[in-house]
Number of protein chains: 2
Amino acid sequence: MNTSPLFVQISKDHPRYRSLVVREMMAKRVEEGIVAPTGLIAHGRGEAFDYLLGERTTENARRAEMVAVAMLLDAIRPVISVNGNTAALCSKEVVGLAEATRAKIEVNLFHRTEERVQKVCSFMEDAGAKEVLGRSPDALLPGIASDRARCTREGIYSADVVLVPLEDGDRAEALVKFGKKVIAIDLNPLSRTARAAHVTIVDEVTRAVPNMTTMVPELRRNGDRRLALLNSFDNQLNLEGAMEAMRANLSAPQSEGKE
Amino acid sequence: MNTSPLFVQISKDHPRYRSLVVREMMAKRVEEGIVAPTGLIAHGRGEAFDYLLGERTTENARRAEMVAVAMLLDAIRPVISVNGNTAALCSKEVVGLAEATRAKIEVNLFHRTEERVQKVCSFMEDAGAKEVLGRSPDALLPGIASDRARCTREGIYSADVVLVPLEDGDRAEALVKFGKKVIAIDLNPLSRTARAAHVTIVDEVTRAVPNMTTMVPELRRNGDRRLALLNSFDNQLNLEGAMEAMRANLSAPQSEGKE
């Protein structure tokens, strides 16, 4: 493949500077074998929805993040499922959240190859993860035909709560059908994943995951608050709130330069 | 880079079958050096906006396509600017439109390398283009610092009307400032390109380009119709119509499975 362009070609004055830098980083992760080529397309889809969201954590998303943290803290066997894009975008942040919530990390790839599983596991370990499951799957998630069904008995198979950042619809639905409580991070509020999950965080993953980590100490101390959050949450209303935020941005032209 | 997955792994029953096949094709074009890696991210952004548009040509977009065809037919020196994504998605369709409107084709890349320019030019020739400009740029478009400023005197530099499918904001704005009539095909109605262009077709490029070609014979015969279209068109209203269509899809959950 041709050489990816250099970071230095991107002017800091460019109105989309941050997006452009992340794009070049993601393209580099493809060359390294962490991100699947079509993972870049998924990243682009997320970018578009985040653009409509105003590239910020809405109050609505913040509430979903708090509910998700409450659910992770009350879980017996919480697991964070990590794919190539999640690793590339926020490996350290995922390790931080896993440690704070005592969740296991399991690598599960949409485009599974042995080589890429190894690479993503190592990438997460380099980011500080003490234990990463997924190298040796010994169980199958029912209801999925492909390799994505492969998981570990110690991790996703026996989990009660699974956080799936950037998940595809088939697997999210299968996890729900198999009885897991599913927390999704998904910028598309209309996606099958967003609609199948019990809690859908409509926020960009690099904002959502650190936000969640900062919420842990207070929610760990306060069981009543966790219960109140869990009892009052309605994911359908949550998704409608996200759509409303996007609709509001799809009207007046924005004053700042957008690409 | 790791091998891209096989086409056969995608089940025809998958609710997003067509998108998945196009994704794999685009990933393959990256391996071949036609599409830049970050071109996949741009493709994903387009996918998201098209999803919101309902993956169809709206009446609004059809009208913009007619206006664009009228503008190309009334042009003295029309040029279609082609980048890697446009070539990968619809090389033959672009050749068809160029022939029907007697427009020149010029290859202009965001991530310009000599090798990729050669490849995209050859790719367009393989699709039937008799003449492809862009291998030997001999002029500079004012107002752009990067290599994207490079163009040919025979083509974009001296054009009066330029069709830019999938363009970036900097270049679209520079073309307008340099006095060109600019027709953009852009699925994001909020983008700088969409707002800078004189006519913005908010439609997916593989639908828009063949649509336009079918409109040529009737509009070529009918000068009054061309004039009426050009005189009655308001791009701001056109963009607002596109946003309205997207807002309408950002409300009720859709019944069919979406990923």
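Residues numbered from 1 in each chain as written. Chains lettered and ligands numbered in written order. Predicted model: local features only at pLDDT ≥ 70, side-chain atom pairs only at ≥ 80, totals over all residues. Heavy atoms only, no water.

Enquirer: How do you make sense of the sheet that holds strand E8 (residues 199-201) of chain B when you look at a structure like this?
Expert: Two modes of strand pairing occur in sheets, parallel and antiparallel, and in both the strands are linked by backbone hydrogen bonds. Residue and element names in this part refer to chain B. Taken together, six strands build an open sheet; the order of strands is E3-E2-E1-E6-E7-E8 and the sheet is parallel. Each having just a single partner strand, strand E3 (132-133) and E8 make up the two edges of the open sheet. Bridge analysis of strand E1 (residues 78-82) against strand E2 (residues 104-107) gives four bridges, and the strand direction is parallel. Each bridged residue has a counterpart across the sheet, and for Val82 the counterpart in E2 is Val107. Here helix H3 (residues 59-74) sits on the sheet in contact with E1, strand E6 (161-165), strand E7 (181-185) and E8, set at roughly 130 degrees to E8. Packed onto the sheet, helix H4 (residues 84-101) meets E1, E2 and E6 and runs at close to 170 degrees relative to E1. (Pairing = 2+ DSSP bridges. Helix = DSSP H or I, 4+ residues; strand = E, 2+ residues; numbered from the N terminus. Contact = heavy atoms within 4.5 Å. Axes fitted to C-alpha atoms, helices over the stretch in contact; angles between N-to-C directions.)

Enquirer: Sorry if this is basic, but what is going on with the side chain of Ser81(A) here?
Expert: Residues and elements named next belong to chain A. Structurally, Ser81 is set in strand E1 (residues 78-82). Residue Ser81 is classed as buried on the basis of its relative accessible area of 3%. For Ser81, the side chain forms a polar contact with the side chain of Arg171, separated by 3.2 Å. (Buried < 20%, exposed > 50% of the residue type's maximum accessible area, 1.4 Å probe, protein only. Polar contact = N/O pair within 3.5 Å; in protein donor to acceptor, adjacent residues only side chain to side chain.)

Enquirer: Please clarify how the pattern of salt bridges should be interpreted in this entry.
Expert: Two side chains that carry opposite charge are able to pair once their charged atoms sit near each other. Residues and elements named next belong to chain A. With the rule as written, the count across this model stands at 40 salt bridges over all chains. Taking the shortest distance from any N to any O, the salt bridge between Lys28 and Glu32 comes out at 3.3 Å. Placement of the pair is Lys28 and Glu32 together in helix H1 (residues 17-32), with a separation of four residues, close to one helical turn. With relative accessibility at 39%, the residue Lys28 sits in the partly exposed group. The partly exposed category is assigned to Glu32, whose relative accessible area is 32%. Among the salt bridges present, the one from Arg247 reaches Glu244, with a minimum N-O distance of 2.6 Å. (Salt bridge = Lys/Arg side-chain N within 4 Å of Asp/Glu carboxyl O.)

Enquirer: Quick question: what am I supposed to make of the nonpolar core here?
Expert: Most often, soluble globular proteins have nonpolar side chains that are buried together. Grouped together as the largest cluster of nonpolar side chains are 110 residues, with contacts concentrated most on Met124(A) and Met124(B). Ala245(A), Phe49(B), Leu187(B) and Leu250(B) belong to the second-largest nonpolar core, a separate cluster that totals 30 residues. (Core = buried A, V, L, I, M, F, W, Y, C linked by side-chain atoms within 4.5 Å.)

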